[in-house]
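Coordinate inspection notes
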Amino acid sequence: MNLDLINNTITFVKRKLVNAEGGHDWFHIERVYKNALLIAQEEDCDLTVVKLGALLHDIADSKFHPDSSGGDETIGPKTARLFLENQNVEESTIQQVINIIENISFKGGNFENCFNSTELEVVQDADRLDAIGAIGIARAFNYGGFKNRAMFDPNIDPNMNMTKEEYKKSTAPTINHFYEKLLLLKDTMNTESGKKIAFQRHQYMQGFLSQFYAEWEGEK
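The following paragraphs examine the structure supplied in this document.

Considering unusual backbone geometry
Backbone geometry places N88, a non-glycine residue, at a positive phi of 60°. Summarising the element assignment, N88 is placed in the loop between α4 (75-86) and α5 (91-103). Although it is not a glycine, N148 adopts a positive phi angle of roughly 60°. Inspection of the secondary structure assignment puts N148 in the loop between α7 (133-146) and α8 (164-169). Overall, the relative accessible area of 71% leaves N148 in the exposed class.

What follows is the structure, encoded as structure tokens:
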């Protein structure tokens, strides 16, 4: 494995995300990277592709590059490709990393990936683990505050049948996001390691929601 390539990628990502929103900053990448390395220990996969995919998966998140569809999904892959080409990475590896970036996101419950690989499964699980549990809760409310969204509005029900475009453009309260995405992630995990960790973090979120509603209603 080319350690210089991994170190250069870390330096590049830190520089690109220096002013990123708190839930999608370098520390998010670092957590996903650590999760991916943990999961990869149990899988037969290309560790270089996993490392690069984890480090570059959010190099230019479409949520922060709006277009008419709600977010330009081409910027991340283009940015990653240019960087990897400048590092003289072979095309087969670049394409595997691009496939991870293009297919990793949740994109709403009605979206189906058209590509699959063990490396994608590992990085996707690692990314989704960072969206649930205590960190996931913190990230959800951080992003909701960043977008000036309500925490909760009992008059606005979660939309469980959104299209990909509706999901990307949603302005719903943060609590709705638990039902529209976060509580669904446990059952989308690919690897056995990911499933075990997700089960624990899912339970934590359920406990949080019970406490949230109790406090909202002024109960003891």
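This is not the end of the story, as more comes after the structure.
A look at the nonpolar core
Counting residues in hydrophobic clusters, the biggest one holds 55 residues, and the most contacted among them are V13, L56, L84 and F178. A per-element tally of this core places helix α2 (residues 26-40) first, with 7 residues. Excluding residues that lie within four positions of it along the chain, V13 makes contacts with W26, I29, L55, L56 and I59.

Focus: helix α3 (residues 47-56)
Burial within α3 is extensive, with 8 of its 10 residues counted as buried. Along α3, the residues that are buried comprise V49, V50, K51, L52, G53, A54, L55 and L56. Tucked into the core, α3 has its buried residues touching α1 (3-16), α2, α4, α5 and α6 (118-129).

Criteria and thresholds
Residues numbered from 1 in each chain as written. Predicted model: local features only at pLDDT ≥ 70, side-chain atom pairs only at ≥ 80, totals over all residues. Heavy atoms only, no water. Helix = DSSP H or I, 4+ residues; strand = E, 2+ residues; numbered from the N terminus. Buried < 20%, exposed > 50% of the residue type's maximum accessible area, 1.4 Å probe, protein only. Core = buried A, V, L, I, M, F, W, Y, C linked by side-chain atoms within 4.5 Å. Contact = heavy atoms within 4.5 Å.

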